[in-house]
Amino acid sequence: MSIADEIFNIFRSRGDAAYFGEPVSQVEHALQAAFQAEREGADDSLIVAALLHDVGHLLHDLPENIADQGVDAHHEEVSEAWLSQHFGPGITEPVKLHVAAKRYLCAVDPDYLSQLSPASLQSLELQGGAFSHKEAAEFARLSHSREAVQLRRWDDQAKVFGIEVPPLEHYRARLEAALVPGKTYGSLIKKASSCYP
Ligand code: FE
């Protein structure tokens, strides 16, 4: 089975779960984020990053209301660890930084906080809240921080009930082109679970 098939199978078998207090499923959220990226003319790496940014949520068995229990699943780290076995930093870095990008935007964009969904506000607290001035400046200096902020905005917009967007297969060629040859495909869940605190 190809890596693209393995990834799509994860979405097909586990992606129907609700997306943490939002009116979309996990797979709908991924597809809407990727479509936002494509519609805004993002490069292929960033479109794939948008599609896969929350794959970490599909790799664990934590309940959908995990934030209600005061737990941060650190899904961005799980996603990055898992994706780094197949993809380069153009994909894994924006994914890794997409939660930090939310904390950054809360610090630098006065309108951003007011636009967050209730579920996203709740998880913000668990993720450490808005960055301080100093933390925001440090984040802005990281490579791929700009891409992470773009990804974050598509992420936030990808929670719309019932809209039609292209299916997983629409992204197969981009995903396959982004795979880094020679990377191995084994012990994925094991590696991902080692990221939990
Ligand atoms: Fe997301």
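Going by the structure above, here's the rest.
Residues numbered from 1 in each chain as written. Predicted model: local features only at pLDDT ≥ 70, side-chain atom pairs only at ≥ 80, totals over all residues. Heavy atoms only, no water.

Visitor: I tried to follow the overall build of the chain on my own but got confused; where do I start?
Guide: The helix and strand tally for the chain stands at 12 helices and zero strands. Listing every helix and strand of the chain by position from the N terminus yields α-α-α-α-α-α-α-α-α-α-α-α. Residues counted as buried form 51% of the 197 residues belonging to the chain. Taking the contacts inside the chain whose residues are at least 6 apart along the sequence as the reference set, 75% of them involve residues at least 24 apart. Of the roughly 9300 Å² of accessible surface on the chain, 53% is carried by carbon and sulfur atoms. (Helix = DSSP H or I, 4+ residues; strand = E, 2+ residues; numbered from the N terminus. Buried < 20%, exposed > 50% of the residue type's maximum accessible area, 1.4 Å probe, protein only. Contact = heavy atoms within 4.5 Å. Areas by Shrake-Rupley, 256 points an atom, 1.4 Å probe, with all protein chains shown as cover.)

Visitor: Can you help me understand the side chain of Glu76 in this one?
Guide: One can find Glu76 in helix H4 (residues 75-83). This buried residue, Glu76, is left without a salt bridge; Arg103 holds the nearest opposite charge, at 7.6 Å. For Glu76, the residues in contact, after removing those within four places along its chain, are Val95, Lys96, His98 and Val99. (Lys, Arg positive; Asp, Glu negative; His and termini not counted. Salt bridge = Lys/Arg side-chain N within 4 Å of Asp/Glu carboxyl O.)

Visitor: Any chance you could explain H4 here in plain terms?
Guide: Each α-helix turn comprises 3.6 residues. Residues three or four places apart therefore point the same way. With eight of its nine residues buried, H4 lies for the most part within the structure. Turning to H4, its buried residues number three or more, namely His75, Glu76, Val78, Ser79, Glu80, Ala81, Trp82 and Leu83.

Visitor: How should I be thinking about the pattern of salt bridges in this particular structure?
Guide: Side-chain pairing between opposite charges can occur once the charged atoms of the two side chains come close. Taken as a whole and assessed by the stated rule, the structure comprises 11 salt bridges. The partner of Asp5 in a salt bridge is Arg172, with the nearest N and O atoms 2.7 Å apart. Of the two residues, Asp5 is situated in helix H1 (residues 3-14) and Arg172 in helix H11 (residues 172-178); the sequence distance between them amounts to 167 residues. Overall, Asp5 belongs to the partly exposed group, its relative accessible area being 27%. Exposure remark for Arg172: the relative accessible area of 18% places this residue in the buried category. If you follow the salt bridges from partner to partner, you end up with Asp5, Arg12, Glu169, Arg172 and Glu176 in one network.

Visitor: What should I look at first to understand empty space enclosed by the protein in this one?
Guide: Leftover empty space is mapped by rolling, across the atoms, a probe with the size of a water molecule. Overall, the coordinates contain one cavity of 30 Å³ or more when judged by the stated rule. Size it by volume and the largest cavity reaches roughly 40 Å³. Considering the residues around the largest cavity, the lining is formed by Phe11, Gln26, His29, Ala30, Leu51, His53, Asp54, Val55 and Leu58. When its residues are assigned to classes, the lining of the largest cavity shows five nonpolar, three polar and one charged. (1 Å grid on protein atoms, 1.4 Å probe; cavity = no way out; pocket = protein on both sides within 12 Å on 5 of 7 lines; lining within 4 Å. Points joined across faces, edges and corners; volume = space filled by probe spheres on them. Nonpolar A, V, L, I, M, F, W, Y, C, P; charged D, E, K, R; others polar.)

Visitor: Got a minute to help me understand the environment of Pro167 in this structure?
Guide: By the element assignment, Pro167 lies in the loop between helix H10 (145-157) and H11. Separated by 136 residues in the primary sequence, Pro167 and Leu31 have C-alpha atoms spaced 6.9 Å apart.

All quantities given are derived from atomic positions and should not be read as evidence of function.
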